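Summary of the model geometry
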Amino acid sequence: LVFQDLVAFVTQLQCTLLDIHALLNYVEILYPLLTSPPLKPVHANPTWMGCFARNTEVCESLYFAGVPVWLVHDEEFIPPTMNIIHPVQLTFPDNIVRAMYSEGGVSKPFLSIFQGPGGLLCHYHMHWHYEGTLTE
């Protein structure tokens, strides 16, 4: 069993378990708040990772439902009624661990699964199930 195969297997398992957990949270907690929005924002759930939104209406509805949300928008297009807690500059991570994905000093990352814009099609193509077996 190659290290990359083991990483792919564990990653797929984690992804599947997180999908199930997220779906249950959505059905039990978030969906009722989105269908009948509260008058005041619900306290954000600190265990949720949150999301990025480009649409201000989506951002506000998620905010009122208690989802940690970041609006990715140019400043001039943000409505004056929206409460911006802390504007940030987009930066790229410089602390990614690359040692795990190198062999003999040469970086060998996983192959790209999908190239193109995000959305449902991207999510569908990213679910690339592990095809090996642990007995290999």
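Quick notes on the rules
Residues numbered from 1 in each chain as written. Predicted model: local features only at pLDDT ≥ 70, side-chain atom pairs only at ≥ 80, totals over all residues. Heavy atoms only, no water. Helix = DSSP H or I, 4+ residues; strand = E, 2+ residues; numbered from the N terminus. Contact = heavy atoms within 4.5 Å. Areas by Shrake-Rupley, 256 points an atom, 1.4 Å probe, with all protein chains shown as cover. Core = buried A, V, L, I, M, F, W, Y, C linked by side-chain atoms within 4.5 Å. Buried < 20%, exposed > 50% of the residue type's maximum accessible area, 1.4 Å probe, protein only. Patch = residues over 30% accessible without salt bridge, like charges linked within 9 Å, V, L, I, M, F, W, Y side chains within 5 Å. Salt bridge = Lys/Arg side-chain N within 4 Å of Asp/Glu carboxyl O. Phe/Tyr/Trp six-rings, centres within 6.5 Å; stacked < 30°, edge-to-face > 60°. Expected span 1.5 Å × (residues − 1). Bend = angle between axes of the 7 residues up to and from the residue. Disulfide = S-S within 2.5 Å.

The next point concerns the overall build of the protein chain. Counting secondary structure elements, the protein chain contains three helices and four strands. N-terminal to C-terminal, the α/β element order of the protein chain is α-β-α-β-β-β-α. The contacts in the protein chain between residues at least 6 apart in sequence include a share of 34% that link residues at least 24 apart. For the protein chain, the exposed area adds up to about 11,600 Å²; of that, 64% sits on carbon and sulfur atoms.

On to the nonpolar core. Listed in full, the eight residues of the largest apolar core are Leu 30, Trp 48, Ala 53, Cys 59, Leu 62, Ala 65, Val 67 and Val 69. Sequence-distant contacts of Val 69, that is, excluding residues within four places in its chain, are made with Cys 51, Ala 53, Cys 59, Leu 62 and Tyr 63.

Once that is clear, we can look at a nonpolar patch on the surface. On the surface, Leu 13, Leu 17, Ile 20 and Leu 24 cluster together to form a nonpolar patch covering roughly 380 Å² of accessible area. Note that Leu 24 resides in helix H1 (residues 3–35).

Secondary-structure assignment places Thr 56 in helix H2 (residues 56–64). Once residues lying within four places of it in the same chain are set aside, the contact partners of Thr 56 are Leu 71, His 73, Pro 79 and Met 82.

What follows concerns the packing of aromatic side chains. Per the counting criterion, the structure on display carries three aromatic pairs. Taken together, a centroid distance of 5.5 Å and an interplanar angle of 35 degrees make the contact between Phe 52 and Trp 70 tilted. Here Phe 52, found in strand S1 (residues 51–53), pairs with Trp 70, found in strand S2 (residues 69–71); they are 18 residues apart in sequence, far enough to count as distant. Looking at Phe 52, the relative accessible area reads 63%, which means it is exposed.

Below, the discussion takes up the side chain of Asn 25. Within the fold, Asn 25 resides in helix H1. With relative accessibility at 17%, the residue Asn 25 sits in the buried group. Setting aside its immediate chain neighbours within four residues, Asn 25 contacts Leu 30 and Trp 48.

Before going further, it helps to examine H1. With 33 residues, H1 should reach 48 Å at 1.5 Å per residue; the first-to-last C-alpha distance of 45 Å fits that figure. Along H1, the sharpest kink reaches roughly 45 degrees, centred on Tyr 26. Turning to H1, its buried residues are Val 7, Gln 12, Asn 25 and Leu 30.

Here we take up the environment of Leu 39. Among the structural elements, Leu 39 can be located in the loop between H1 and S1. Sequence separation between Leu 39 and Phe 64 is 25 residues, and the spatial gap between their C-alpha atoms is 8.0 Å.

The next point concerns the state of the cysteines. Applying the stated rule across the entire model yields zero disulfides. Free cysteine: Cys 51, not disulfide-bonded; nearest cysteine sulfur from Cys 59 at 7.6 Å. A relative accessible area of 23% means that Cys 51 is categorised as partly exposed.

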